[in-house]
Amino acid sequence: MACPSVHLNLNTIPPGPAHQEINLFLNHLLKINFYAASYRDPFFVHPSVNPNAVLCSPPLNGDNYASWKIGMMRALRLKNKIGFIDGSISKPTDSAKLGEWMRAYGLVIGWIHAAILHSVKDSVSYAPTVFLLWKDLENIHVESCDPKLYQLKQQLAFIKQDGSSVMVFYGRLRAIWDEMDTIRPLSTCNAKDAIDHLNPDTTMEFLQCLHDRYAGLRSNILQRIEFPPLLTIYNLV
């Protein structure tokens, strides 16, 4: 049921405390509406924002790229600035928007640099754009993450449900899968194909590592012509 609209005419209210309180309340609503609309604009920069603020802790030190990337991307999404690093926001041709874009663009660069140790920062200081800065960090650290990727695959090879609940066991697997996906980012040109390929892999790993008391369910699923998705199997357990 829709709420009825209320039309308030301040001219009908005599001057006094009630008039002032209503006026203050309406001004407050206007500010809320302004900032709500502004925060949806990725170019919006609040006057109190600090470009040297550290959005992700601990800073990138060369060994913690996977967890740092997850934290940094989460923070940029919350601030509606993720498009500057994934390439979905480009430099506007409209001169009226260019100034806003430059302020937001500089802010994102400042946040990334503030979350990187100086020893790492030197290798990416001269990237011409924030998108290339992000890609440089990815290219540098993904290759150095090969030992970590090997370690995670070893964990997958030996992990078992044992006495854990299905929820706890699935959470352990999910944490390993998510970290592996961060270390080996998908190519944007064939991301869907790669995801379609990875889904059966994770589903098979989940089935293999389940406790033997689910052997009957596992056998039944493996005999199906169409292999069900992971969450379907999870809900069956």
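The coordinates are above.
Keep in mind it's a predicted model, so treat the numbers as computed, not measured. (Residues numbered from 1 in each chain as written. Predicted model: local features only at pLDDT ≥ 70, side-chain atom pairs only at ≥ 80, totals over all residues. Heavy atoms only, no water.)

**Student:** Would you explain unusual backbone geometry in this entry?
**Tutor:** Phi is mostly negative for residues that are not glycine, and the peptide bonds are mostly trans. Of note, the bond from serine 57 into proline 58 is cis; its omega dihedral lies within 30 degrees of zero at 0 degrees. Summarising the element assignment, proline 58 is placed in the loop between helix H1 (17-39) and helix H2 (65-78). We note that asparagine 80 has phi near 60 degrees; this positive angle belongs to a residue other than glycine. Looking at the element boundaries, asparagine 80 is found in the loop between H2 and helix H3 (83-86). For asparagine 80, a relative accessible area of 26% corresponds to the partly exposed category. The backbone of aspartate 162 sits at a positive phi, close to 50 degrees, despite the residue not being glycine. Inspection of the secondary structure puts aspartate 162 in the loop between helix H7 (146-158) and helix H8 (166-183). With a relative accessible area of 51%, aspartate 162 lands in the exposed category. (Helix = DSSP H or I, 4+ residues; strand = E, 2+ residues; numbered from the N terminus. Buried < 20%, exposed > 50% of the residue type's maximum accessible area, 1.4 Å probe, protein only.)

**Student:** What is the right way to read the pattern of salt bridges from this model?
**Tutor:** Between side chains of opposite charge, a pair can form as their charged atoms come close. On inspection of all chains with the given rule, the structure shows six salt bridges. For lysine 135, the salt bridge goes to glutamate 138, with nearest N and O atoms at 2.9 Å. With a gap of three residues between them, lysine 135 and glutamate 138 both fall in helix H6 (residues 130-144), about one helical turn apart. A residue is classified by how much of its surface remains accessible, and lysine 135, at 28% relative accessible area, is partly exposed. Measuring nitrogen to oxygen at the nearest pair gives 3.3 Å for the salt bridge that ties aspartate 178 to arginine 174. Of this pair, aspartate 178 and arginine 174 both sit in helix H8, four residues apart, which is roughly one turn of the helix. On the accessibility criterion, arginine 174 (30% relative accessible area) is partly exposed. (Salt bridge = Lys/Arg side-chain N within 4 Å of Asp/Glu carboxyl O.)

**Student:** I would appreciate a short explanation of H7 in the present structure.
**Tutor:** Since the α-helix packs 3.6 residues into each turn, any two residues three or four apart lie on the same face. When the terminal C-alpha atoms of H7 are compared, their 19 Å separation across 13 residues agrees well with the 18 Å that a helix rising 1.5 Å per residue should span. Those residues of H7 not exposed but buried are Leu149, Leu152 and Leu156. What you see down the axis of H7 is that its buried residues fit within an arc of 60 degrees, all on one side. H7 presents Pro147, Tyr150, Ala157 and Phe158 as exposed residues on the side facing more than 90 degrees away from its buried surface. (Expected span 1.5 Å × (residues − 1). Arc of directions from axis to C-beta.)

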